[in-house]
Amino acid sequence: MKKPRILNNKIYLYLTEFFSGMSVMAVEIGASRLLAPYFSSSQIVWTIIIGTIMIAMALGNIYGGRSADKKPDPDRLYARLVVAAVWIALIPVAGKYVILTISAALIFSVSSHFLILAAFCACMAIFVFPLFLLGTVTPSLVKYTVDSLDDNGKTVGLLNAFNTIGSILGTFLPTFVTIPAAGTSVTFLIFSGILLLIAVIYFVSVKRKARRIITGIFDFVLCCVLGAADSYAFWEPELVYEGESVYNYLQVKENADSVILSTNVLFGVQSILKKDHSFSGMYYDYAMAAPFMAGVYEKDSIDILILGMGTGTFAAQCGQYFYHADIEGVEIDEKITELAREYFHLPEDIKVTSYDGRAYLQALDDSRKYDVIMVDAYQDITIPFQMSSAEFFTMVKEHLTDDGVMTVNMNMRGTNEGSINQYLSDTISKVFDTVYTVDVKGSTNRELFASASPDILEVMRDNTALAPDAELAELIDRVADGLLEYEPGGYLLTDDKAPVELLGMQVIDGLILDEAAYYKEIYENEGIEGLLKKL
């Protein structure tokens, strides 16, 4: 077959390599955001994404090389780009439904490692095929680009260089530009459109496959219409905001009595505002015991630091009841702070620093001390490993006053030996002499209080008697009734070894299976019709 004239222009071939490499990485970044609302964006999910994509690319390399040797027809390569482009454009339209279908099927058929299996199967179903097709690009282009053995090393090197540079841009552009500015769905469509354009230029130049190109363009435009502004939480009627930042998928939901923020998980609460300014009914209420343990009514002022500010639920409650409190927060995601000011009425006089919690402590002057430090920094479903280690809690202790109190929200109340909460509690007990825990009624949360002072319970009782608000005093009494002195074991999390995500997944698997047991029983007894009636 005669070589098409456009392939004599090596710049075009290098651009094909450049944009295919860019699209691979953009799809990988987009994959993490597509999966995050359902499975989190933890290191485990990232491992699954990277692993499945590498499998797809390897198989594509093998197939592309063999295909180029057997049938060196460039029409086949650029036709594969059309198919890959349309498939990627379909992801915003159909991806979430595929994820939910796979999750629904697995929840009735597996008894362990649900999140890992569901994320893996979703990746295989959604991303492997288009990335397999993109994996065929490099070996095919080598066939069309190398003119002689004299310069084949230089030519292959240039192809790989263009692919690598494209991959670099495909990593940074979605993360810092397209996803924060336009969202994940539009990001998929942008890079799909680039691939389609490369293929269209080829087929227009050779004046072949007009029907295929028209079909591809039509499908792409249809996907743009259907998928550009669609919601991940398409079943949620009460969303007032849904968007993405550099760090998170974000949604704000409002009902008759509350405004709620969720990050990266479609179900669950990251922060809450009660419209009548009453207590939240969640772990934030229990954390109010920390200022009492630190002698809030015995001091002229009390300094409170919140690592993982969110939209400021705990800060607002402290500001409401402790007029002499100096409250500051640290929140890594600046967009969350913007939402806090807009939807959650976070007062402008409460200082919020956009920074990593541990890095913030590291940067503080050694003399800066707080009466209360709340640790409520979560990466989706688990505490970030750098904020779960003995080294981190030692840093927290160094920035507490002698009678200061650290309170930690542990959002997964594991009961099995070696659970994540046991690891955390044991680690904290290695740093602090006094540790108490209390289970939050009606939730899976557990609140932990730690101090260098042995007298925090006595101080709490004395300050409860001084509380001017009867409802607040009653709340603290309820917390006191549930407090248990923690008996430490031998588990330890360090900067070198802190498998918090794996430990968290184990707890979540248990929670999911417990919740699913009811529906499994209905399905076994009444079949799909009975299940649909209950749903």
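What you see is a predicted model, and the numbers here were worked out from it, not measured in a lab.

Chemist: I keep staring at the pattern of salt bridges and nothing clicks. Help me out?
Modeler: It is possible for side chains bearing opposite charge to pair when their charged atoms get close. For the structure shown, the criterion picks out 13 salt bridges. Glu-254 is the salt-bridge partner of Lys-275, the closest N and O atoms lying 2.7 Å from each other. Taken as a pair, Lys-275 in the loop between strand S4 (271-274) and helix H10 (283-287) and Glu-254 in strand S2 (residues 249-254) lie far apart in primary sequence, 21 residues in all. Accessibility expressed as a relative area gives 37% for Lys-275, which makes it partly exposed.

Chemist: I would appreciate a short explanation of the sheet that holds strand S10 (residues 434-439) in the present structure.
Modeler: Within a sheet, neighbouring strands are paired by backbone hydrogen bonds and run either parallel or antiparallel to one another. Taken in spatial order, the eight strands of this open sheet run S7-S6-S5-S8-S9-S11-S10-S12, and their pairing is mixed. Only two strands of the sheet have a single partner each, and these edge strands are strand S7 (351-353) and strand S12 (484-485). As judged from the six bridges shared by S10 and strand S11 (residues 446-451), these two strands associate in the antiparallel manner. From the neighbouring strand, Thr-437 faces S11, where its bridge partner is Leu-448. Most of the contacts of helix H15 (residues 390-398) go to strand S9 (residues 400-410), to which it runs at about 140 degrees, and overall it touches strand S5 (302-307), strand S8 (370-375) and S9.

Chemist: Even after reading the chapter, I still don't get the nonpolar core, so can you show me in this structure?
Modeler: Here is a general trend for soluble globular proteins: nonpolar side chains tend to be buried in one another's company. Counting residues in each nonpolar core, the largest one holds 64 residues, and the members touching the most others are Phe-39, Tyr-78, Phe-127 and Leu-131. For this core, the element with the highest residue contribution is helix H3 (residues 74-107), accounting for 15 residues. Excluding residues that lie within four positions of it along the chain, Phe-127 makes contacts with Val-27, Ala-31, Leu-34, Ile-91, Ala-122 and Phe-188. One finds Phe-279, Met-288, Ile-302 and Ala-467 within the second-largest nonpolar core, a separate group that totals 46 residues.

Chemist: Mind showing me how you'd approach the pairing of S5 here?
Modeler: Here is the key point about a regular strand: its side chains alternate between the two faces of the sheet. Along S5, six of the six residues are buried, which leaves the element largely enclosed by surrounding structure. Residue alternation in S5 divides its side chains into two sets, Ile-302, Ile-304 and Ile-306 and Asp-303, Leu-305 and Leu-307, and both sets are buried. Here S5 pairs with strand S6 (residues 325-330) via six bridges, running parallel. Bridge pairing links Asp-303 to Asp-326 in S6.

Chemist: Help me understand the packing of helix H5 (residues 128-135) against helix H6 (residues 137-145), please; the structure alone is not making it clear to me.
Modeler: Packed helix pairs are characterised by how far apart their axes lie and by the angle those axes make with each other. Contact geometry of H5 with H6 gives a least axis separation of 5 Å together with a crossing angle of 20 degrees. With respect to each other, H5 and H6 are oriented roughly parallel. Residues Leu-133, Leu-134 and Gly-135 of H5 pack against Val-137, Thr-138 and Pro-139 of H6.

Chemist: What should I look at first to understand the sheet that holds strand S1 (residues 239-244) in this one?
Modeler: In spatial order, the strands read S1-S2-S3-S4; together these four strands make up an open sheet with antiparallel pairing. Edge positions in the sheet fall to S1 and S4, since each has one partner strand and no second. Each strand axis lies, on average, 10 degrees off the axis of its neighbour in the sheet, ignoring direction. The sheet contact formed by S1 and S2 spans five bridges and is antiparallel. Each bridged residue has a counterpart across the sheet, and for Glu-244 the counterpart in S2 is Tyr-249.

Chemist: Please clarify how a positive patch on the surface should be interpreted in this entry.
Modeler: A surface patch of positive charge is lined by Arg-66, Lys-70, Lys-71 and Arg-76. Locating Lys-71 in the fold gives a position in the loop between helix H2 (43-70) and H3.

Chemist: Could you clarify how one ought to interpret a nonpolar patch on the surface in this entry?
Modeler: On the surface, a cluster of nonpolar side chains totalling about 860 Å² of accessible area is made up of Ile-165, Ile-168, Leu-169, Phe-172, Leu-173, Phe-176, Val-177, Val-246, Tyr-247 and Ile-332. With respect to the secondary-structure elements, Phe-172 resides in helix H7 (residues 152-182).

Chemist: What is the right way to look at the pairing of S2 in this model?
Modeler: Between S1 and S2, which pair antiparallel and follow one another directly, the connecting turn spans four residues. Judged from the five bridges that link them, S2 and strand S3 (residues 258-263) form a sheet pairing that is antiparallel. Bridged to Val-252 within S3 is Leu-261. The loop that links S2 with its antiparallel partner S3 comprises three residues.

Chemist: Teacher, can you tell me more about a negative patch on the surface here?
Modeler: Together, Glu-298, Asp-455, Glu-458 and Asp-462 give the surface a local cluster of negative charge. Assignment of secondary structure puts Glu-458 in helix H17 (residues 456-466).

Chemist: Honestly, helix H13 (residues 334-343) in this entry has me stumped. Any pointers?
Modeler: In an α-helix there are 3.6 residues to a turn, and that puts residues three or four apart on one side. Among the residues making up H13, those that are buried are Ile-336, Thr-337, Leu-339 and Ala-340. Seen along its axis, H13 keeps its buried residues to an arc of 160 degrees; they face one direction. The inward-facing, buried residues of H13 abut S1, S2, S3 and S7. Capping the start of H13 is the job of one residue whose side-chain oxygen sits 3.0 Å from the backbone nitrogen of Lys-335: Asp-333. Of the residues flanking the end of H13, it is His-345, one or two places downstream, whose phi is positive at about 55 degrees.

Chemist: Can you help me understand unusual backbone geometry in this one?
Modeler: Backbone geometry follows two general trends: most residues other than glycine have a negative phi, and most peptide bonds adopt the trans configuration. For His-277, which is not glycine, the phi dihedral falls at a positive 60 degrees. Relative to the assigned elements, His-277 resides in the loop between S4 and H10. When its relative accessible area of 49% is taken as the criterion, His-277 is described as partly exposed.

Scoring rules and cut-offs
- Residues numbered from 1 in each chain as written.
- Predicted model: local features only at pLDDT ≥ 70, side-chain atom pairs only at ≥ 80, totals over all residues.
- Heavy atoms only, no water.
- Salt bridge = Lys/Arg side-chain N within 4 Å of Asp/Glu carboxyl O.
- Helix = DSSP H or I, 4+ residues; strand = E, 2+ residues; numbered from the N terminus.
- Buried < 20%, exposed > 50% of the residue type's maximum accessible area, 1.4 Å probe, protein only.
- Pairing = 2+ DSSP bridges.
- Contact = heavy atoms within 4.5 Å.
- Axes fitted to C-alpha atoms, helices over the stretch in contact; angles between N-to-C directions.
- Core = buried A, V, L, I, M, F, W, Y, C linked by side-chain atoms within 4.5 Å.
- Parallel < 35°, antiparallel > 145°, perpendicular 65-115°, else oblique.
- Patch = residues over 30% accessible without salt bridge, like charges linked within 9 Å, V, L, I, M, F, W, Y side chains within 5 Å.
- Areas by Shrake-Rupley, 256 points an atom, 1.4 Å probe, with all protein chains shown as cover.
- Lys, Arg positive; Asp, Glu negative; His and termini not counted.
- Charge placed at Lys NZ, Arg CZ, Asp CG, Glu CD.
- Arc of directions from axis to C-beta.
- Polar contact = N/O pair within 3.5 Å; in protein donor to acceptor, adjacent residues only side chain to side chain.

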